[in-house]
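Commentary on secondary and tertiary structure
As a plain string of letters, each chain reads:
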Amino acid sequence: MAAVPRTVGEGVVADIDWARLRTAAIDAMHRAYAPYSRFKVGAAALVSDGRVVTGCNVENASYGLTLCAECGLVSDLHRSGGGQLVAFVCVNGDEETIMPCGRCRQLLSEHALPGMRLQATSGVRTIEELLPDAFGPRDLDEVGR
């Protein structure tokens, strides 16, 4: 069984094994299907129960139907039991850290533990730093679904 991440306060998690996440993201990237752009992407995240979930981009000839690595990762999160994302890494085909686009930041935000850490091109950041004042489920609750 995977070790459960240790929280040290308001969503802050200690002891994140960034090397393990990077290795999982690189492995996922090698499984990407990117015959059109040739821009392979792999993503990996630590889940609140200690699992690591992954995703890779899967392109489609109609481009608009292309699936990003983050979509695959969130699908893997739910397929494997749910939970909240604690830490996230995304890499390109050269195994370099890349940033999730705005759409993917929104997707990750909805499934993140408050204070989720992302390995960014400028260092480790929280999801709130990359997507301040994100729209989410609480916004829908406020309008009385």
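Sequence order as written defines the numbering, with residues in each chain counted from 1. The predicted origin of the model limits local features to residues at a pLDDT of at least 70 and limits the giving and counting of side-chain atom pairs to 80 or more, whereas totals for whole chains, interfaces and linings rest on all residues. Note: side-chain values were computed over all heavy atoms of the structure, leaving out hydrogens and water.

What about the pairing of strand β6 (residues 112-120)?
For every residue, the accessible area (1.4 Å probe, protein chains only) is compared with the maximum for its type, and the residue is labelled buried under 20%, exposed over 50%, or partly exposed between those bounds. In DSSP terms, a helix is any run of H or I states spanning at least four residues, a strand is any run of E spanning at least two, and both are numbered starting from the N terminus. Of all nine residues that make up β6, eight are buried, and the element is covered over most of its length. Pairs of strands are assigned from DSSP output, requiring at least two bridges between the strands. Across three bridges, strand β5 (residues 85-92) lies against β6 in parallel orientation. Within the sheet, the bridge partner assigned to Leu85 lies in β6 and is Ala112. We call a crossover right-handed when, viewed with the strands running away from us, the connection from the first strand over the helix to the second turns clockwise. With respect to chirality, the unit in which β5 leads through helix α3 (residues 102-110) into the neighbouring parallel β6 is right-handed.

A few points about the pairing of strand β3 (residues 41-47)
With seven of seven residues buried, β3 is to be regarded as a mostly interior element. With seven bridges joining them, β3 and β5 adopt antiparallel strand pairing. Residue pairing for β5: Leu46 is matched across the bridge by Ala87. Turn length for the β3-strand β4 (residues 52-56) hairpin, with the two strands adjacent in sequence and antiparallel, is four residues, and the turn residue Gly50 shows positive phi of about 100°.

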